[in-house]
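Structural overview for review
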Amino acid sequence: MKAYRMRIYPSKEQVSALHKIMYQARMTYNDAVIERQRAHRNGEKRPSHYGQRDRLCKERNANPNERAAVPAKTVDILMRKLDASVKGAYTRMKKGQPPRFPKPIKRTYSVDFRKGSFTYHRADGTRFGRLRVQNVPGLIKLREHREIPKDKIKEVSVMITKTGEWYASLVCDVPCEIACVAQEPRAVGLDFGLKTRIATSDGTKDTFIHPPVSIDDYKERQVKLARAVSRKFKPGKKQSKRYYNAKRAKARLEEKIARCRGDWQHNVTTMLARDNAVVFAEDIQPTFLLSKDSEKKKNKGFRRHAADAAIGRIKQLLTYKCGKRLRLVDAAYTTQRCSRCGAIAAKELSEREHNCKQCGLALDRDTNAARNVLQAGLAGLLVEPFVKEK
Ligand SMILES: [Zn+2]
């Protein structure tokens, strides 16, 4: 499944219709959440997803003024999602983890439509497509910035960003794996880190693979804007127009940063999938990336969180772009071991160079680690192919 995210330009009436659907969908969802919570608290039998869907659809038909804007298929999607998150909560509870039971939601930014509650056409000779969704008057203008496989659209999600832009995400039933097109297919090892997000075994990291510099430039502005917002905030009073303007400016910049980051992540992962026959990555949870001494620095929490999220996202993208060509390698001691002779050279987190006392290899720390990942991966392939499927 591949999602195509397109900007849409709904008219005023369409915007209010979409808001109405989102509001009613939220009320419907929250009703179901409360029922689930009550059942859980009183130890009653768990309501099923079908039962809830049928009940809420009946209520929907009985109160056309309050609920009828939500398509029945959307109710089904919502109940499925709720069912999945309740199941997750019970699984976590069994394991003794915090359950994170679903709660009623206060805001909605998106609503999903399944096949049958939307249609999509594109008029020839224009850059615009037309999207019709159930219970929204007329056709919504959609900027088709790239070709959409029109007959393969399975689901449409309409969403609004914090800055008030509307998007439609068209989920299409097409394979998202990218074929390797390299002249001489190679294998590559990857090392993920905090300083350099990705280092490859062939030594690239600061050139094409480095995150765009512009993000760092934006960061400074982001801090300034955040300060401006908190300065204009008046506790316990009605907020000024200037406050809301500052808030919007901050949100706009944050969206820009997110777009830049996403663009970079897509570029890097596509490049890796296209140029390599096999991609090896370390089989580690992102949270274990950092050693204890960096954990002590509490103020690094945000950066750490961001780096974890970025690495997780890159792995996710690689997983669907490479498919079975992505291999996870159990890579113990990748940073410590020398990639030429195998001797262990212990390092502090601050040491950026690998210097081997045994064979004299001097190499960048992350490149050395990536080479170890590649070697471990190739060794695994020779011994037993398909060691770890994921
Ligand atoms: Zn060595």
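No experiment lies behind these values; they were computed from the predicted model shown.

Quick notes on the rules
Residues numbered from 1 in each chain as written. Predicted model: local features only at pLDDT ≥ 70, side-chain atom pairs only at ≥ 80, totals over all residues. pLDDT = per-residue confidence, 0-100. Contact = placed C-beta atoms within 7 Å. Core = buried A, V, L, I, M, F, W, Y, C linked by C-beta atoms within 7 Å. Buried ≥ 20, exposed ≤ 12 C-beta atoms within 10 Å, placed from the backbone. Domains from an automatic or database assignment. Helix = DSSP H or I, 4+ residues; strand = E, 2+ residues; numbered from the N terminus. Expected span 1.5 Å × (residues − 1). Axes fitted to C-alpha atoms, helices over the stretch in contact; angles between N-to-C directions. Left-handed = near helix turned anticlockwise from the far one by under 90°. Nonpolar A, V, L, I, M, F, W, Y, C, P; charged D, E, K, R; others polar. Pairing = 2+ DSSP bridges.

**Some words on the confidence of the model for the protein chain**
- Mean pLDDT over the protein chain stands at 85; residues scoring 70 or higher make up 88%.
- Long-range and interchain partners of residues 288–299, a stretch whose pLDDT sits below 50, account for ten contacts in this model, where long-range means more than four residues apart.
- Below a pLDDT of 50 lies the segment residues 385–390, which in the model reaches five contacts outside its immediate sequence neighbourhood of four places, other chains included.

**Comments concerning the nonpolar core**
- In terms of nonpolar packing, the biggest core is built from 29 residues, with Ile21, Ala25, Leu82, Leu131, Val133, Val156 and Ala168 touching the most fellow members.
- Looking at this core, you find at least three residues from each of domain 1 (8–108) and domain 2 (112–172).
- Aside from chain neighbours lying at most four places away, what touches leucine 82 is Tyr29, Ala32, Val33, Arg36 and Pro102.
- Core analysis: the next-biggest nonpolar cluster, separate from the first, contains 23 residues, Val188, Ile314, Cys322 and Ala376 among them.

**A word on unusual backbone geometry**
- The phi dihedral of arginine 100 is positive, around 50°, even though this residue is not glycine.
- With respect to the helices and strands, the residue arginine 100 is situated in the loop between helix H4 (72–94) and strand S2 (110–114).
- The exposure class of arginine 100 is exposed, given the 11 C-beta atoms found within 10 Å.

**Details of H4**
- With 23 residues, H4 should reach 33 Å at 1.5 Å per residue; the first-to-last C-alpha distance of 33 Å fits that figure.
- By the burial criterion, the buried members of H4 are Thr74, Val75, Leu78, Met79, Leu82, Asp83 and Val86.
- Residues of H4 that are buried in the fold lie against helix H1 (12–41), helix H2 (49–62) and S2.
- Once H4 finishes, glycine 96 follows within two positions and takes phi at roughly 80°, a positive value.

**Some words on the environment of serine 117**
- Structurally, the position occupied by serine 117 is in the loop between S2 and strand S3 (118–122).
- Remark: the alpha-carbon pair of serine 117 and valine 133, spanning 16 residues in sequence, is separated by 5.9 Å.

**Examining the packing of H2 against H4**
- For the pair H2 and H4, the least separation of the axes is 9 Å and the interaxial angle reads 145°. Taken as a pair, H2 and H4 cross one another with a handedness that is right-handed. Of H4, the residues touching H2 (which contributes His49, Gln52, Arg53, Leu56, Cys57 and Arg60) are Ala72, Val75, Asp76, Met79, Arg80 and Asp83.
- Residue classes in the contact of H2 with H4 are distributed as five nonpolar, two polar and five charged.

**Examining the sheet that holds S3**
- Taken together, seven strands build an open sheet; the order of strands is S2-S6-S7-S1-S5-S4-S3 and the sheet is antiparallel. Where the open sheet ends on each side, the last strands, each with one partner, are S2 and S3. Across the sheet, the mean angle separating the axes of adjacent strands is 30° when strand polarity is ignored.
- The pairing of strand S1 (residues 2–9) with strand S7 (residues 166–172) spans seven bridges and is antiparallel. Looking across to S7, one finds that tyrosine 4 is bridged to leucine 170.

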